[in-house]
Amino acid sequence: MPNIINQNKKWGIILAIALMLTLGGFGIASAAEFPSGEVIPAGETIDDDVFIYGENVVVDGNVNGVLFATGSTVTINGAVSGDALIAGETIIVTESAIIDGNLFIVGADVTLNGNVSGSLFVGSSDLEIGPSANVGRNAYFGGFNLTAKEGSTIGRDLYVGGYQAVLSGIVERDLSFGGAAIELNGRVGR
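From a predicted model like this one, the values you see are computed outputs, not experimental measurements.

It is worth spelling out the overall build of the protein at this point. Each helix and strand in the protein was counted, giving 1 helix and 20 strands. In the protein, which comprises 190 residues, the share counted as buried stands at 41%. Carbon and sulfur atoms provide 54% of the accessible area of the protein, an area that totals close to 9,000 Å².

Moving on to the pattern of salt bridges. All told, the structure shown has 2 salt bridges when counted by the stated rule. Among the ionic pairs, Asp-157 bridges to Arg-173, the shortest N-O distance being 3.2 Å. One end of the pair, Asp-157, is in the loop between β15 (153–154) and β16 (158–167); the other, Arg-173, is in the loop between β17 (170–171) and β18 (175–178), with 16 residues separating them in the sequence. Given the relative accessible area of 30%, Arg-173 is considered partly exposed. We note a salt bridge from Arg-190 to Asp-174, for which the minimum N-O separation is 3.2 Å. Taken as a pair, Arg-190 in the segment after β20 (187–188) and Asp-174 in the loop between β17 and β18 lie far apart in primary sequence, 16 residues in all.

Mean pLDDT over the protein works out to 90, with 84% of the residues at or above the 70 mark. For residues 25–30, every residue scores under 50 in pLDDT, and the model assigns this stretch 2 contacts once sequence neighbours within four places are set aside.

Thresholds applied
- Residues numbered from 1 in each chain as written.
- Predicted model: local features only at pLDDT ≥ 70, side-chain atom pairs only at ≥ 80, totals over all residues.
- Heavy atoms only, no water.
- Helix = DSSP H or I, 4+ residues; strand = E, 2+ residues; numbered from the N terminus.
- Buried < 20%, exposed > 50% of the residue type's maximum accessible area, 1.4 Å probe, protein only.
- Areas by Shrake-Rupley, 256 points an atom, 1.4 Å probe, with all protein chains shown as cover.
- Salt bridge = Lys/Arg side-chain N within 4 Å of Asp/Glu carboxyl O.
- pLDDT = per-residue confidence, 0-100.
- Contact = heavy atoms within 4.5 Å.

So this is what it looks like as structure tokens:
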């Protein structure tokens, strides 16, 4: 168990350093918050970029900045006014979650049910875009299996590089697929 925690810490630090090097030239952040513990409780608002990690990370509160979260399980229930960068084994973005920016995810099992105003970038074994999920711009997926449930919406284009996809939701514009099998039950705009 300590090896998993140490691996998560290492990946969290590597991800944070890579993002700081990538975004550092733009001068977008001068400070950040490192909350103690694994939870940002409901009713709490952090007006800064946030780095949070642990075995079971839960964001119930609000982040007015960029969220960096890593853990074995990461659950987002609150609102993020900025981009969110999440890494973990199991990642859940619930119906109550609002990401007012882009969402970047690396994980094994990913479930998205919330709202993302920007684009979605996911590298995972399995991605489920739930019936209440709404992606405002484009969605990019690389992995094994993508399932978009009926009721889900992607506001622009969907790009898939994976083994299989079952698409029952709405893609407002274009679909680009590279893989072995696709089942289209939903609607593609053009």
